[in-house]
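Architecture and fold: a report
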Amino acid sequence: MRRLKCSVFVFIFLIIDVGHSFNFIGINKQMLYEYVGNVLVGSKPQDEGRPSPPSTGWIVRGKLTLQRQSELIMAAALVIDDVTLNNSGEKFLQNKEMYPPYKPFKIVLTKEGTISHVVFKEGDPIWSMNFKRAIASTLQFQMKSSGAFVVDETGIHGKCQTEYFVSNKTNYISIRKTPELMTCVPYSEAVHVTRSNVPPNTCEFDHQKSVIIGNEAIYGILPHNETGYFLSMAHAKGTTLIHTFESTGEAQYINSELLLNFQNETPIDNPIDIETSMAAEISKLQLQPLEINDPTGGRNPQQQETLISAAGGLLDNLAEALESTDFKFSEPYDSTLSDVIKLLSEMDFESLKKLYTEVDIGTSYRQETIRNIFHEIIPRIGTKASVFLTRHLVVEKSIKSPIAVQLLIPMPFHIFELSAELVKGCEDFMSIGPDRPDVRQAAILSFATLVYNVYVARGIDKDQFEEYVQKYFNLYLNDRDYEQKMLYLQGLSNLQLGNVASYLEPIVMDAGNEDLRFMAAWTTLALADKRAERIYEIYWPIFESRNASLELRVAAVTLLLISNPTAARLISIHRIIQSETDPHLINYYRTTVTSISETTYPCYQHLRRLLSYMHRHLPQKPEPRYWVTGNYIFDYRDSKFGIGAMLQTFLVGDPKSDMPVVAYFRFDTEALGKFTGQLALYIKARGLPDAIWQTVQPKSNSSDPFTFRSIKTLLAMLKAPIVTSKNLHIEFILQMEGKTVLSYYLNQRMFQQLTYDNILDRLQLLIRTDSHINMQTVRWPFMNKYSVPTVLGTSSDVLLQTTVLTSLRGNITEHRTSGSGSKHTLEIDARYSSYASVRSRSYNPFLNLDHEINREQGFLIYIPFSSELTFNESGRCGRYTFTRPQNLTSGLSFKSRAVTSTRGLVTKTAAAPFEEIMYPERGIEVFQPFSYALPDLGVKLRVNMNVNELIKFRGMLLKSEFIENGFSRNMVVSLLMYIFGFTQLSSIHLGHDRNFTLLMYNENATRIDGNICVEDVLKTSELKGKKIGFTLEHADETQNVESLHKWNVILDVQTSTKSSWFKVTGKVQRNSKDDEEDWKVSVGQAWRLPNQH
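Residues numbered from 1 in each chain as written. Predicted model: local features only at pLDDT ≥ 70, side-chain atom pairs only at ≥ 80, totals over all residues. Heavy atoms only, no water.

**Describing a negative patch on the surface**
Where like charges cluster on the molecular surface, the negative patch consists of Asp1074, Glu1076, Glu1077 and Asp1078. Mapping Glu1076 onto the fold places it in the loop between β33 (1061-1072) and β34 (1079-1088). A residue is classified by how much of its surface remains accessible, and Glu1076, at 66% relative accessible area, is exposed. (Patch = residues over 30% accessible without salt bridge, like charges linked within 9 Å, V, L, I, M, F, W, Y side chains within 5 Å. Areas by Shrake-Rupley, 256 points an atom, 1.4 Å probe, with all protein chains shown as cover. Salt bridge = Lys/Arg side-chain N within 4 Å of Asp/Glu carboxyl O. Lys, Arg positive; Asp, Glu negative; His and termini not counted. Charge placed at Lys NZ, Arg CZ, Asp CG, Glu CD. Helix = DSSP H or I, 4+ residues; strand = E, 2+ residues; numbered from the N terminus. Buried < 20%, exposed > 50% of the residue type's maximum accessible area, 1.4 Å probe, protein only.)

Now the structure itself:
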């Protein structure tokens, strides 16, 4: 009977108009709910059966009061009971820094009962407002009918297409709400911010996304005597899955839940104040973005002075570490560089300027190192403040020209704060004077790339963009100098969009300078697919014309093929080639078809399918000497891991000399759906052999019977054809990500000015000059960051990145010894440190804690080198000395691990930051140590590896597709590409623990010295003989033991002047003071090499 009554009530409930969520509260009524929110960050085990890394997370509990003060006005107030940490179970009660969520907020409804907007109190910080937005969004649901239906609904990710399923249970109504996150505007796929310092691979490819997200909410509806129904329970869930390298790499997750449970309903006795001190602006439900310089959303904003101090301290730590020889080869995980980048990213212009002033003071070794690292980092940060600092340093001439170029080249490729303000502020780059030609060139090219990036990001409109295009074209027209025309043409190439192609057309069609015509045509390649008709109208006549230069015809056939890759166009080109008489053009067509029809490069797949039809219909192969005009591709791609690389070489030769004139090299690498590297080098060299000939000819010895003049007379007597010498013309262009960053031109006059009477003497003088070396380079080769907020409205993100720091320090000195000898001292300290990580992080704003799980990989190389070389020019002997100080360890370490951490400052008055670090349980590990002593050198070698992980790594490499590509008949190139592929896979593929060290160490200070002598002892008409002596002595400088080990090698080598016979005799002797293993060996053997014919 009771079941029948419930069913009848539910039926009546369904036929009543109960379409929207907030109708469940009657006017002048309030409902109390208990809420529980939790976030969990974790990782899956590497292999089934192995323990997972520890997870980390937090739980917040409290109360929510909702008051229906009028038909369209809801008042809401939150109370926080406690916040609990998952791992330790430590519970934190409310404190004054949790106060912002206590500020009430207003929910304004539409007439249909959905949320129109919300209004917060003045001064409510972003983190608190976003938490309240998430609460309001969770309360919102719709019931248009029973069963399934789809509506558009606004939530924390914007307006999304939302799927509903209303089901009638035994004694309640269940509603399932699933937003289709891909349809959300503006935050599609629930990714609020995507930041990357490498361009996406927009070409045709099939690659798994690194991050996927799914959200849903479940509602329980119970009957109510007055409103017909009320919300008994709301449970929102969010899942973020992180899978890298086609799910073969690290697998992490961020799970979040928000649960609301009904407590009681009462009349409104004490109305919540939502009228006084309210913000003037209304707010939508979609989450408010965090400020770049405050990732806590106002919970714990960092003071700029604090950031300056922290960044300065980390820079000092980096410099200090480069001076130390105490390396942590057992834990080569150094995140200091990435921490510095993070801090500098949060600083404003004035703070960066102040920090630079601090690091620019002083001339000490450490200050120089800090300055070098700072110069390397600044152009790669990508914030508006860093760009304005670069502009300030360059325009105000606060730095030397090489440093200015160093800052300008990478700057436009890393900017993520793209705006019209940035373009306007950097217009000064266009007015840099000719007194700094290298800086002016780099600034003009970088500014063009900046304008392009801002336009693509919709920071400026089309009219503003076209103004800059017109400006570059006017500069090109008004300058008569070829080098400057070439510079502005490359600037137009960097702008790439809009009417750039229209400005290039008259340059190509002009019958003037052939070099400019070819360069303009080559620049059009990036725009070819957008102007198929104009490409045909301009370049088909050039392609068919036998009078056009080979360079232009090669460019024309390339453009015609790329602009309209159809069967009709391909067959038309093929028919022209069949009647072609120029073997250079034939070879270019053949190599283009054969290379592209076998390529795995994603951007050429549409061409590959087309050109493969012609692979067996190619014209006859020309003679081998015509290889100088061709299109050659060497590539690989691994679909199992989603990585690849491509090396492409375009060559255009001289039809008269069959010598290469134009060479264009392009090298692209890809991983995780991004181009991790795009480099290109364009070289055009005409007349170089003639220029070298003319330079060397005046220096020839006139007494030589075969002088250049006598040879010329002889050739004239033989009536040899005269070939007119060509003036020198050299163009050098370097590109990154398809944009020109360097552009140089050299003609005959410039070459003569660069040529010294005795260039070898000048190089020798440079080598002999005492020099101090202190070079550091910073690379940020890969960074992908995804902001993926939880269903609680709290911030969480996923970061995949790699940072690299290299350092080369030392001294090179030369001293003249008595007589005619010289002693060269070389002290070098070479270091390489890379840090790669896949990190998932959730920020707990209630306690100001970061909950992270991080898969990190460290690769450390340390090579110290100290030597003295003494040359005795008269005695034909050289003496060498190598030293290693006491307790020195050098070598390499390559390891990876998972780390779970919880860090932060819970309250501003806390005595110390909260920190909790955990590592996964170690499984059964099989370590294979290997140690080998080299007593004669005073060092020991030690190798340590995890056999289990080595087997997995070997299996991973065997699964790769590198050896299946078969992309080249050139074995050397194939081998190099295989090695590069294996290196790329092992360096960036994170997902397994790696443990490999190769170390060389010595306990006592050791010195190795000796002599190498070569002396002629025999010289007749039939025989030549040399005596070669080699000695090595090892001394223990700690124990003051000289000649602890000694080697003496003497070889007599005789060779025949009339045959391939030679003879080697000699002896090898070893003496030792510690092991008494003295021995001597005599050798003697004669050989006759086989005939080579």
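Next, the rest of the story.
**Comments concerning the pattern of salt bridges**
The full count for this structure, using the stated rule, is 47 salt bridges. Linking Lys209 and Glu189 is a salt bridge whose minimum nitrogen-to-oxygen distance equals 2.3 Å. Remark: Glu189 occurs in the loop between β9 (173-186) and β10 (193-196) and Lys209 occurs in the loop between β10 and β11 (211-224); sequence separation between them is 20 residues. For Glu189, a relative accessible area of 27% gives the class partly exposed. Across the pair Asp1009 and Arg1007 runs a salt bridge whose closest N-O atoms are separated by 3.1 Å. Under the relative-accessibility criterion, Asp1009 is labelled buried at 8%. With a relative accessible area of 16%, Arg1007 lands in the buried category.

**Section: helix α4 (residues 336-345)**
Counting buried residues along α4, eight of its 10 residues qualify, which places the element largely inside the surrounding structure. Among all positions of α4, only Thr336, Leu337, Ser338, Val340, Ile341, Leu343, Leu344 and Ser345 are buried. Its buried side turned inward, α4 meets α3 (304-323), α5 (349-359), α6 (365-381), β20 (771-787), β21 (796-816) and β22 (822-844). (Contact = heavy atoms within 4.5 Å.)

**Some points on the sheet that holds strand β18 (residues 729-736)**
The six strands lie next to each other as β14-β15-β16-β17-β18-β19, forming an open sheet whose pairing is antiparallel. The open sheet has two edge strands with one neighbour each: β14 (630-638) and β19 (739-747). Neighbour-to-neighbour, the strand axes of the sheet open up by a mean angle of 5°, direction not taken into account. Sheet topology places strand β15 (residues 643-653) next to strand β16 (residues 660-671); 11 bridges connect them, and they run antiparallel. By the bridge assignment for β16, Gly653 is matched with Pro660. Against the sheet, helix α12 (residues 482-495) engages β18 and β19, with an angle of about 165° to β19. (Pairing = 2+ DSSP bridges. Axes fitted to C-alpha atoms, helices over the stretch in contact; angles between N-to-C directions.)

**What about the state of the cysteines?**
On inspection of all chains with the given rule, the structure shows three disulfides. What pairs with Cys203 in a disulfide is Cys603, and their sulfur atoms sit 1.8 Å apart. Taking the sign of the S-S torsion, about 80° here, the bridge from Cys203 to Cys603 comes out right-handed. With Cys203 in the loop between β10 and β11 and Cys603 in the loop between α18 (583-596) and α19 (605-611), this pair connects stretches of sequence that are 400 residues apart. Take the cysteines of the chain that form disulfides and number them in order along the sequence; they join up as 1-2, 3-4, 5-6. (Disulfide = S-S within 2.5 Å.)

**A few points about the pairing of strand β23 (residues 849-872)**
Where β22 meets β23, 23 bridges bridge the pair, whose relative direction is antiparallel. Each residue of the ladder has a partner; that of Asn844, found in β23, is Leu849. With 14 bridges connecting them, β23 and strand β25 (residues 888-904) associate as antiparallel partners. Residue pairing for β25: Glu852 is matched across the bridge by Ser901. As judged from the six bridges shared by β23 and strand β24 (residues 877-884), these two strands associate in the antiparallel manner. Opposite Glu868, over in β24, you have Thr881 as the bridge partner.

**Some thoughts on a nonpolar patch on the surface**
Judged by side-chain polarity, Ile1012, Val1014, Ile1028 and Phe1030 come together as a nonpolar surface patch covering roughly 280 Å² of accessible area. At the level of elements, β30 (1006-1019) and β31 (1023-1036) are the ones that each hand at least two residues to the nonpolar patch. According to the relative accessible area criterion, Val1014 is partly exposed, its value standing at 35%.

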